[in-house]
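# Close look at the chain arrangement
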Amino acid sequence: MTHEDRRRFEEIFLPYLDAAYNLARWIIRHDQDAQDVVQDAYVRAFKGFQRFRDGGNSKAWFLMIVRNTAYTVLNRRAAEKNLIPYQEERHANIISIDDPDNELRTEARKEYLQRALERLPLEFREVIILYELEGLSYKDLASTLGIPVGTVMSRLSRAR
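This section reports on the structure supplied with the text. Small disclaimer: the values here were computed from a predicted structure and weren't measured.

Attention shifts here to the nonpolar core. Soluble, globular proteins show a tendency: their nonpolar side chains are buried together. Core analysis: the biggest nonpolar cluster contains 45 residues, and Phe13, Phe62 and Val66 have the highest contact counts within it. Counting residues per element, the ones that place at least two in this core are helix 1 (3-13), helix 2 (17-28), helix 3 (31-47), helix 4 (58-77), helix 6 (107-119), helix 7 (122-133), helix 8 (138-145) and helix 9 (149-159). Looking at this core element by element, the count peaks at nine residues for helix 4. Among all residues touching Val66, those that are not within four sequence positions of it are Ala20, Leu23, Ala24, Val37 and Ala41.

Following this line, the structure appears as structure tokens:
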């Protein structure tokens, strides 16, 4: 890889490191491990940069690598057994982020939101984080998560 390729890679992907950490932190649930995931994903993205298509959505591509790396870490640790399985009647009304009466203005509400997000099963937590906090579109979410757009919408609805 040339010096120009390295410069171009950094120019494209360095702006997404905060989003990458945010996603990794919500998946892994541990600051240092999330930093390790982002570092590993950054290296993987760098190694695979030749396969990245110019004109493609670089943020979605990079976050997909971050997500896959985080899942690899989770699978190694078998951490998913600690997650609460989704039950419609129990989790359907945890919180509604787009409810205008439920603005997250106080620290107590922010903590409540964080606890609610942490209680969500991973498949719902990651979709709400990527959509609500990182601003990915349904199409970009589908690409990042490797699922159909309809599944994105369904998971987003259930996560809310």
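Tallied over the entire structure, the rule returns 12 aromatic pairs. A centroid spacing of 6.0 Å and a plane angle of 85° characterise the contact between Phe13 and Phe49, whose relative ring orientation is edge-to-face. Placement of the pair is Phe13 in helix 1 and Phe49 in the loop between helix 3 and helix 4, with a sequence separation of 36 residues. In this pair, the class of Phe13 matches that of Phe49, namely buried.

Okay, the packing of helix 4 against helix 8 next. Axis separation between helix 4 and helix 8 bottoms out at 8 Å; the angle between their running directions is 40°. By the angle class used here, helix 4 and helix 8 are oblique. Handedness of the helix 4/helix 8 crossing: right-handed. Contacts between helix 4 and helix 8 involve Ala60, Leu63, Met64 and Arg67 from the first element and Asp140, Ser143, Thr144 and Leu145 from the second. Tallied by class, the residues present in the contact of helix 4 with helix 8 amount to four nonpolar, two polar and two charged.

We now examine helix 3. Since the α-helix advances by 3.6 residues per turn, residues separated by three or four positions end up pointing in the same direction. The end-to-end C-alpha separation of helix 3 is 24 Å, in line with the 24 Å expected for 17 residues at 1.5 Å each. All buried positions along helix 3 are accounted for by Asp33, Ala34, Val37, Val38, Ala41, Tyr42 and Ala45. Among the structural elements, helix 1, helix 2 and helix 4 are those in contact with the buried residues of helix 3.

Once that is clear, we can look at the environment of Asp36. Along the polypeptide, Asp36 turns up in helix 3. Looking at Asp36, the relative accessible area reads 38%, which means it is partly exposed.

This part is about the pattern of salt bridges. Opposite charge on two side chains lets them pair, provided their charged atoms get close. Under the counting rule described, the total for this entry stands at seven salt bridges. For Arg44, the salt bridge goes to Asp40, with nearest N and O atoms at 3.3 Å. Here Arg44 pairs with Asp40, and both are found in helix 3, just four residues apart, close to one helical turn. Put simply, Glu132 and Arg160 hold a salt bridge, and the shortest N to O gap is 2.6 Å. Note that Glu132 is positioned in helix 7 and Arg160 in the segment after helix 9, a separation of 28 residues in sequence. Taking relative accessible area as the criterion, Arg160 reaches 22% and is therefore assigned partly exposed.

Of note, Asn22 is situated in helix 2. Apart from residues lying up to four places away in sequence, Asn22 is in contact with Ile129, Leu133 and Glu134.

Each value, and the rule that gives it
- Residues numbered from 1 in each chain as written.
- Predicted model: local features only at pLDDT ≥ 70, side-chain atom pairs only at ≥ 80, totals over all residues.
- Heavy atoms only, no water.
- Core = buried A, V, L, I, M, F, W, Y, C linked by side-chain atoms within 4.5 Å.
- Buried < 20%, exposed > 50% of the residue type's maximum accessible area, 1.4 Å probe, protein only.
- Helix = DSSP H or I, 4+ residues; strand = E, 2+ residues; numbered from the N terminus.
- Contact = heavy atoms within 4.5 Å.
- Phe/Tyr/Trp six-rings, centres within 6.5 Å; stacked < 30°, edge-to-face > 60°.
- Axes fitted to C-alpha atoms, helices over the stretch in contact; angles between N-to-C directions.
- Parallel < 35°, antiparallel > 145°, perpendicular 65-115°, else oblique.
- Left-handed = near helix turned anticlockwise from the far one by under 90°.
- Nonpolar A, V, L, I, M, F, W, Y, C, P; charged D, E, K, R; others polar.
- Expected span 1.5 Å × (residues − 1).
- Salt bridge = Lys/Arg side-chain N within 4 Å of Asp/Glu carboxyl O.

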